[in-house]
Amino acid sequence: MGSSDHLQYTLKIESPMEIIRSIRSGGQPPTHYKLDISSFSQVASSLLSTSPFIESTEFSVGGYRWVIQIYPNGNEKDNGDGHISFYLKLCDKLPSNSFINVIFRALVYDQERNKYLIIQDLREKHFDATNAIWGISRALPQSVFNAKSNGFLIHDRCTFGAEVFIINTNTPTCAKMSSMDSKSTRTYTWRVEKFSEISDNAYSPEFTIEGRIWKLHVFPNGYGAQKGKCLSLYLELAQRNDLTAGDKLYAEYELRIKNQLNVEDRCGTCRHAFEKSAKDGGRANFIPIPDLLIPSKGFKTEFGAVNCHAWQLEVEHQLLLVSPQCMSVNK
């Protein structure tokens, strides 16, 4: 550990003897993985609605694929209350007779002083067919992380890193997490013409929200296991050319079928990670077919048409692009 006078935030941290902390000066980036997050509180609240941790994109070390998991509020199941918890997860499935021993370092960037706080467990982590996740549950107290004077969280931006010592490598993989507008109040309404003549499925015209092109995809008689039971409705990301392998666009949105009797619309909030290979997200069981077809329910006119304010999409965005490309971070 260096002689810098900026060590008070490490000296005040109580931890087991096997956990050591040191300072890396000069802003030298993590050897294997760096994760920059802008709008940290927004990103955390968006992802934590479905999971207690933020998971990175994959990176490779030693011929194996890894991700890091960061618990902003600590992993309570591992006695991490009140702390930032860091975990390393092996994505590859090991054969029953194989194992990997790893030394794992978690890093947090001090933006004020251009230094990294290194948090390391001296014990080797043993990965095998039944143990794929190891980490440090009480890596950094939340009070230390949140204190502006310590430089870890400035203007709601922060940087984490990981070093995995199996073999040496000098090629870092960077990722970007950035939150777009916190909420879009714009809506898109699709008036479905000749609804009863749709044989299997139909697409809406394309529309743009938050600079991205979308379209709705409907299966009047259901899709997959819900075929013949429920209408299925999905939001599809129509233009995905700018998404490379590993990119994920997280979106929170609301799909709605408007009740034409002004009673109660049928709506559902969805959360989906759009990728090149996962282009749409929605509900296979959006509305039971009998509810849709009975005029007294209000979703179909007395003339047998579902074509007036039939489909209303309210995209209340919590958009988050996670990219494995090394680039600057902008809100």
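Position labels on residues start from 1 in each chain and follow its written sequence. Predicted model: local features are reported for residues with pLDDT of at least 70 only, side-chain atom pairs are reported and counted for 80 or more only, and whole-chain, interface and lining totals are derived from all residues. By convention in this description, side-chain values take in all heavy atoms of the structure and omit both hydrogens and water.

1. Focus on the overall build of the protein chain
Secondary structure assignment for the protein chain yields 4 helices and 22 strands. Burial status across the protein chain gives 49% buried among its 331 residues. Total accessible area computed for the protein chain in this model is approximately 15,900 Å², and 46% of it derives from carbon and sulfur atoms. Under the DSSP-based scheme used, a helix requires at least four consecutive residues in state H or I and a strand at least two consecutive residues in state E, with every element numbered from the N terminus. With a 1.4 Å probe rolled over the protein chains alone, any residue whose accessible area is under 20% of its type maximum counts as buried; one over 50% counts as exposed, and the rest are partly exposed. For accessible areas, the Shrake-Rupley method is used with a probe of radius 1.4 Å. Any residue's cover is judged against the shown protein chains and nothing else.

2. Considerations on the layout of surface pockets
By volume, the second largest pocket is sized at about 240 Å³. Lining the second largest pocket are 17 residues, and of these Asp-78, Tyr-87, Gly-135, Ile-136 and Ser-137 sit closest to its centre. Among the elements of the structure, strand E5 (64-71) and strand E10 (133-141) are those that each provide at least two residues to the lining of the second largest pocket. It is E10 that provides the largest number of residues to the lining of the second largest pocket, a total of 6 residues. Classes in brief: Ala, Val, Leu, Ile, Met, Phe, Trp, Tyr, Cys and Pro nonpolar; Asp, Glu, Lys and Arg charged; the others, Gly included, polar. The residue inventory of the lining of the second largest pocket, partitioned by class, reads 7 nonpolar, 4 polar and 6 charged. Definitions used throughout: a 1 Å grid over protein atoms alone; a cavity as a set of points that fits a 1.4 Å probe which cannot get out; a pocket as an open set with protein on both sides within 12 Å along at least five of seven lines; a lining residue as one with an atom within 4 Å of a point. Grid points are joined across faces, edges and corners, and a volume is the space filled by probe spheres set on the points.

3. Observations regarding the pattern of salt bridges
Every case where a carboxyl oxygen of Asp or Glu lies within 4 Å of a side-chain nitrogen of Lys or Arg is listed as a salt bridge. Applying the stated criterion across every chain yields a total of 11 salt bridges. Residues Arg-65 and Asp-92 are paired through a salt bridge, measuring 2.9 Å at the closest nitrogen-oxygen approach. Taken together, the residues Arg-65 in strand E5 and Asp-92 in the loop between strand E6 (83-90) and strand E7 (99-110) connect sequence positions 27 residues apart. Its relative accessible area of 21% is what places Asp-92 among the partly exposed residues. Arg-113 is the salt-bridge partner of Asp-110, the closest N and O atoms lying 3.2 Å from each other. Among the residues examined, Arg-113 registers a relative accessible area of 32% and is labelled partly exposed. Overlapping salt bridges, with partners in common, bring together Arg-24, Arg-105 and Glu-163 in one network.

4. Side note on the environment of Leu-293
Along the polypeptide, Leu-293 turns up in helix H4 (residues 289-293). Distance from Leu-293 to Ser-196, taken between C-alpha atoms, is 9.8 Å for residues 97 residues apart in sequence.

5. Points about the packing of aromatic side chains
Any two of the Phe, Tyr and Trp rings considered here, Trp counted by its six-membered ring, make a pair once their centres fall within 6.5 Å; the pair's planes then place it as stacked at under 30 degrees, edge-to-face at over 60, or tilted in between. The final tally for this structure, using the stated rule, is 14 aromatic pairs. Their ring planes at 65° and their centres at 5.4 Å tell us that Tyr-71 and Tyr-87 sit as a pair that is edge-to-face. Separated by 16 residues along the polypeptide, Tyr-71 in strand E5 and Tyr-87 in strand E6 bring together distant segments of the chain. Of the two residues, Tyr-71 and Tyr-87, both sit in the buried class. Here the aromatic cluster, defined as three or more aromatic residues joined through ring pairs, consists of Phe-40, Phe-86, Phe-145 and Phe-160. For a Lys NZ or an Arg CZ to count as sitting over a ring, it must be within 6 Å of the ring centre and within 35 degrees of the ring normal. The ring of Tyr-203 has Lys-215 lying over it, and the distance from NZ or CZ to the ring centre is 4.4 Å.

6. A word on the confidence of the model for the protein chain
As a per-residue quantity, pLDDT reports the predictor's confidence and falls between 0 and 100. Averaged over every residue, the pLDDT of the protein chain is 76; residues scoring 70 or more account for 76%. At the level of individual helices and strands, the protein chain shows its lowest average pLDDT in strand E21 (residues 311-314), which scores 36, and its highest in E6, which scores 94. Here a residue-residue contact requires only that any non-hydrogen atoms of the pair lie within 4.5 Å. Contacts of residues 178-182 to residues separated by more than four positions or lying in other chains number 22 contacts, the stretch itself having pLDDT below 50.

7. What about unusual backbone geometry?
Not every positive phi belongs to a glycine, and His-155 is a case in point at roughly 55°. Here His-155 is to be found in the loop between helix H3 (142-146) and strand E11 (158-165). Positive phi is not limited to glycine here, since Asp-156 has a value of about 65°. By secondary structure assignment, the location of Asp-156 is in the loop between H3 and E11.

8. Overview of the nonpolar core
With 37 residues, the main nonpolar core has Phe-59, Trp-66, Phe-86, Leu-88, Leu-140, Phe-145 and Phe-160 as its most contacted residues. Looking at this core element by element, the count peaks at 5 residues for E7. In terms of nonpolar packing, the next biggest core, distinct from the first, is built from 26 residues, Ala-202, Val-218, Ile-257 and Phe-274 among them. In plain words, nonpolar cores are sets of buried Ala, Val, Leu, Ile, Met, Phe, Trp, Tyr and Cys residues tied together by side-chain atoms within 4.5 Å.

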